[in-house]
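Fold and contact review
So the chains spell out like this:
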Amino acid sequence: MDIKSAWLTTNRSCNCRCEWCYAQRTLGPKSYMDFEKAKVAVRELKKHNTRKIVLIGGEPTIYMHFLELVKLIHENGMNCTVATNGILFENYDFASATVKEGVNNINISLKGVSEEDYYKNTGTRGLQKVLKGYQNLKRLKFNPIVSYVIVSDDENEFDKLVELLEKNNVDRVGFQFVKPVVEIYQTDTIMDIRAMANFVEYIYERMKMSDIQYSLEISFPLCLIKKEILEKLITEHKIVTCCHVQKGSGIVFDTDFKVLPCNHFAEYPFKQTPMDFSKEDPIEQLWSSREVTDFREKTRCYPSENCTDCRLWNDCGGGCFTRWLFINPSDYINRK
């Protein structure tokens, strides 16, 4: 059994408080990953040919063993990716140490297009710190990816975002639309998926005027996007769709080594006990359990009968399954 990707939740503490964050209900200073167990988890994942380990939080860079864990993953021959708000990279020495220990990818989540906007979204005045951190990494000849969560179809705000990225010489960005957080579905902070689909066209046309390389994570049915725009995005390899969790080839560990269905199910782990690494091949035992196999089957079943013979199914998967917990997919999905 191969597990292509794994997410390690290093800690549940964070120096931001983003209202749309999947971890917001579980944030706290006391929850962090035991490093000795993390060592065992990395070795177990290596046995299953895991290619990439993503460090998530909370905010992984404030985890007390962050640099040691980056080094451990690197020494075991796996890609180490860090999903971060980037604030601590304002410190050049910390940025340098992270690169030195062998990190492969750093995804810096940008939370606003102005200092005021950033503060409104996070409760922290951190925009300039993030931009300085980005420049520090570039000085180190490391090329991070900026990620941006789109929470509205405000064209003016998107234009300001692109201008900010260009001003700071950002050359790679990944856009994604805000996703619902299980138990905290807020209609005032979650765009309607039709609005998301319509906004894709504006993103495509606006980014044609920029030299920035970009990708667009689509977490809703591809059939909602205007056909000619969709074909161009596919041809130009701009679209990212189903994650490895949805494809059944990824695993998410919480801080206590309970296994989560995905990041957005932070309060709903498989079983209620942490993974017991004293057992022989504990990952295989969990992965073959009825609970997990049933969940994987449900995430890959057709959300609508209109998906059954759709040519886009293998790439689309009907969109992120968390959306269908709150809305009826048959109200949206059309066959293409």
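All of the points below concern the structure found in this document.

So, how was this worked out
Residues numbered from 1 in each chain as written. Predicted model: local features only at pLDDT ≥ 70, side-chain atom pairs only at ≥ 80, totals over all residues. Heavy atoms only, no water. Helix = DSSP H or I, 4+ residues; strand = E, 2+ residues; numbered from the N terminus. Buried < 20%, exposed > 50% of the residue type's maximum accessible area, 1.4 Å probe, protein only. Axes fitted to C-alpha atoms, helices over the stretch in contact; angles between N-to-C directions. Parallel < 35°, antiparallel > 145°, perpendicular 65-115°, else oblique. Contact = heavy atoms within 4.5 Å. Nonpolar A, V, L, I, M, F, W, Y, C, P; charged D, E, K, R; others polar. Disulfide = S-S within 2.5 Å. Salt bridge = Lys/Arg side-chain N within 4 Å of Asp/Glu carboxyl O.

Looking at the environment of Val149
Within the element layout of this structure, Val149 appears in strand β5 (residues 145–150). When its relative accessible area of 13% is taken as the criterion, Val149 is described as buried. Taking the C-alpha atoms as reference, Val149 lies 20 Å from Lys132; in sequence the two are 17 residues apart.

Remarks on the packing of helix α2 (residues 66–75) against helix α3 (residues 92–100)
One can describe the packing of α2 onto α3 by two numbers: an axis separation of 9 Å at closest approach and a directional angle of 25°. The orientation of α2 relative to α3 falls into the category roughly parallel. Residues Phe66, Leu67 and Val70 of α2 lie in contact with α3, whose contacting residues are Phe94, Ala97 and Thr98. A per-class count over the contact of α2 with α3 returns five nonpolar, one polar and no charged.

Details of the state of the cysteines
Scanning the model with the defined rule gives zero disulfides in all. No disulfide involves Cys262; its sulfur sits 6.1 Å from that of Cys320, the nearest cysteine.

Brief notes about the pattern of salt bridges
As enumerated under the stated definition, the model contains 10 salt bridges in all. Across the pair Asp159 and Arg206 runs a salt bridge, and its minimum N-O distance is 3.2 Å. Here Arg206 lies in helix α7 (residues 193–207) and Asp159 lies in helix α6 (residues 155–167), a separation of 47 residues in the sequence. With a shortest N-O distance of 3.5 Å, Glu201 and Lys226 are connected by a salt bridge.

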